[in-house]
Amino acid sequence: VLREKGLVVYGGENAPYLWVKTPDGYSSWEFFNYLLEKAYLVCTPGEGFGPSGEGFVRMTAFGTAESYREAVERLKNLNNV
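Residues numbered from 1 in each chain as written. Predicted model: local features only at pLDDT ≥ 70, side-chain atom pairs only at ≥ 80, totals over all residues. Heavy atoms only, no water.

### Quick word on the overall build of the chain
Put simply, the rule is: The helix count covers DSSP runs of H or I at least four residues long, the strand count covers runs of E at least two residues long, and both are numbered beginning at the N terminus. Working definition: with a 1.4 Å probe on protein chains only, accessible area under 20% of the residue-type maximum means buried, over 50% means exposed, and in between means partly exposed. The contact criterion used throughout is that any non-hydrogen atoms of two residues lie within 4.5 Å. Exposure was quantified through the Shrake-Rupley algorithm and a 1.4 Å probe, taking into account, for residues, occlusion by the shown protein chains and nothing else. Residues scored as charged are limited to Lys and Arg (positive) and Asp and Glu (negative), so that His and the chain ends carry no count. One atom stands in for each charge, and that atom is NZ of Lys, CZ of Arg, CG of Asp or CD of Glu.
Along the chain, the regular secondary structure elements total two helices and four strands. Walking the chain from its N terminus toward its C terminus, one meets helices and strands in the order β-β-α-β-β-α. Oriented by its inertia axes, the alpha-carbon framework of the chain measures out at about 35 × 30 × 20 Å. Counting over 81 residues, the chain shows a buried share of 30%. Pairs at least 24 apart in sequence give 55% of the contacts found in the chain among residues at least 6 apart. Element-wise, carbon and sulfur atoms account for 51% of the exposed surface of the chain, whose accessible area totals about 5,500 Å². Seen as two clouds, the 8 positive and the 10 negative side-chain charges of the chain have centres 4 Å apart.

### Some remarks on the pattern of salt bridges
Our working rule: The working definition used for a salt bridge is a side-chain nitrogen of Lys or Arg within 4 Å of a carboxyl oxygen of Asp or Glu.
Scanning the model with the defined rule gives two salt bridges in all. Linking arginine 74 and glutamate 70 is a salt bridge whose minimum nitrogen-to-oxygen distance equals 3.0 Å. In this pair, arginine 74 and glutamate 70 are both assigned in helix α2 (residues 65–76), four residues apart and thus about one turn of the helix distant. For arginine 74, a relative accessible area of 29% translates into the label partly exposed. Across the salt bridge formed by lysine 76 and glutamate 73, the nearest N and O atoms sit 3.5 Å from each other.

### Brief notes about the nonpolar core
For clarity, the threshold we go by: Nonpolar cores are built from buried Ala, Val, Leu, Ile, Met, Phe, Trp, Tyr and Cys residues. Side-chain atoms within 4.5 Å join them into one set.
Counting 15 residues, the largest nonpolar core has Leu2, Val20, Phe31, Leu35 and Met59 as its most contacted members. Contributing elements (two or more residues each) for this core: α1 (28–39) and β4 (56–60).

As structure tokens, this is what we get:
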């Protein structure tokens, strides 16, 4: 779903984390806030991992299958990503 929205995604194959490149014009904190306010999704702003993390957010796959499906639906409904 993230890639379908045009986002660049790293990871997730051998680890439960995804690094998602923020869309143009968003800092890691701005994209974090956007996802929280528009889709009620919580991730981690990359800036918290140091200067190299700026421009990314980290998402995790920990949780239940039901919560994962709900998150996917919320991401699908975002218009401006």
